[in-house]
Structure formats: structure tokens, C-alpha cells
Amino acid sequence: MTATHIATRRHTVVDSPYGPLTLVATDGVLSGLFMTEQRHRPPEETFGDRDPRPFAETIRQLDAYFAGELREFDLPLHLDGTPFQRSVWEQLRQIPYGETRSYGELAELLGKPGASRAVGLANGKNPVGIIVPCHRVIGASGSLTGYGGGLDRKQRLLAFENGTGDDIPSTAQKA
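Below you will find a few notes about this structure. Nothing here was measured: the structure is a model prediction, and the numbers come from that model.

### Digging into the overall build of the protein
When you go through the protein residue by residue, the secondary structure sums to five helices and six strands. Mapped in sequence order, the helices and strands of the protein form the string β-β-β-β-α-α-β-α-α-β-α. Burial analysis of the protein (175 residues in total) assigns 42% to the buried set. Considering only intrachain contacts with a sequence separation of at least 6, the fraction spanning at least 24 residues in the protein is 58%. For the protein, the computed accessible surface area is about 9,500 Å², with 50% contributed by carbon and sulfur atoms.

Here it is as C-alpha cells:
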């Protein structure tokens, strides 16, 4: 008889130019990044004890991103989801900084050209916003469609990455 492993969850809250971010780790690996009032945000009681120790590298990379010094995150992730959701989230990680893709384009890349709605649903359930850049997905017409963190945040994140808006965080320096 083998012992069943019970995952240890920890969390912390960090400030960002887009409001407080709740970071969650499962067995020491980042498994969640949630904004306030985010759609599909799990209940607080599932986040585990408050403990900043598992998040030093995540915080360092987020700070560098918000300072305009980091364009691609390099963090181990623990992503719970269906195989289809995980395949969508992996595709999201392939969208370059400052670029966007449509739901239909992602469905094509996954070899499921008729699955743009399913891609949108999986995108909305992304548990690690910003780091898995679901904000880089737009409608086929170029419109900013749903975003779990709110359309205002999505617009601000895209403007920040493009350097086209007034939403360059105060800590960022333009090159």
C-alpha cells in the first residue's frame, strides 16, 4: 500500500502596476497568478498558508517584466487542467511579447481549426495570468474580447508590451 501525496499549497500577495497579484504555489512550484476580481479565481481558502518563500524567483521575474527588462518568463509551472487546456496554455506561452494571436489562429496551431470557442474557454481558465500570456489573445476582427482580469487590464497590458500607451508602469524605463 502506498501513501497518497497531499499537495502543499502556499500563497503570497504582491503589488503590481495592475493591482495586487495573488501568487499560489503547489509543492513549491507556481500554480496560480490571480488578479483581484478575476473571473474563475478560486476561493481564497484553496490558496494555502501565506508564505512568500516559494515565490522569490517569480517575484524577481515579475518585477523585471514590469520594469520593461524581461520579455519571456522562465519559471517552472504546475498547471492543473485538461489535456486540451494545457495544450492551449502551452500555445499561449509561444506568443511573443508585444504580439497577439486570435482564438482562431490558436485553434489552427493546435490542429483543431473549428475549436476557436473551446480555445477561448481554455484561455479564460488559464490559472497563471501574465506569465502564461492569455492577454495576448484577441478576436478575429482584432477586437479585445474577454479577459479574466477585465478588459481594462488586458488593454493596459497590451499597451505596455507594445510601448504604445500611457500605461508604461512608473518603474519601467523606455529603451
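### Here's the deal with the pattern of salt bridges
All chains considered together, the criterion is met by seven salt bridges. A salt bridge links R60 to E57; the nearest nitrogen and oxygen atoms lie 2.7 Å apart. Here R60 pairs with E57, and both are found in helix 1 (residues 56–66), just three residues apart, close to one helical turn. What makes R60 partly exposed here is its relative accessible area of 48%. The shortest N-O distance in the salt bridge between E161 and R136 comes to 2.8 Å. Taken together, the residues span a long stretch of sequence, with E161 in helix 5 (residues 151–162) and R136 in the loop between helix 4 (116–124) and strand 6 (137–138) at a distance of 25 residues. Each member of the pair E161 and R136 is classed as buried. Bridged by salt links that share partners, the residues R10, D49, D51 and R53 form one connected network.

### A few points about helix 2 (residues 83–92)
Q85, V88, W89, Q91 and L92 are the residues of helix 2 that are buried. Looking down the long axis of helix 2, one finds its buried residues gathered within 155 degrees of arc, a one-sided arrangement.

### Notes on the packing of helix 2 against helix 4
Orientation of helix 2 relative to helix 4, taken along the N-to-C sense of each, is 80 degrees, at an axis distance of 9 Å. With respect to each other, helix 2 and helix 4 are oriented roughly perpendicular. For the pair helix 2 and helix 4, contact is made by F84, Q85, V88, W89 and L92 and by A118, V119, A122 and N123, respectively.

Thresholds, definitions, all that
Residues numbered from 1 in each chain as written. Predicted model: local features only at pLDDT ≥ 70, side-chain atom pairs only at ≥ 80, totals over all residues. Heavy atoms only, no water. Helix = DSSP H or I, 4+ residues; strand = E, 2+ residues; numbered from the N terminus. Buried < 20%, exposed > 50% of the residue type's maximum accessible area, 1.4 Å probe, protein only. Contact = heavy atoms within 4.5 Å. Areas by Shrake-Rupley, 256 points an atom, 1.4 Å probe, with all protein chains shown as cover. Salt bridge = Lys/Arg side-chain N within 4 Å of Asp/Glu carboxyl O. Arc of directions from axis to C-beta. Axes fitted to C-alpha atoms, helices over the stretch in contact; angles between N-to-C directions. Parallel < 35°, antiparallel > 145°, perpendicular 65-115°, else oblique.

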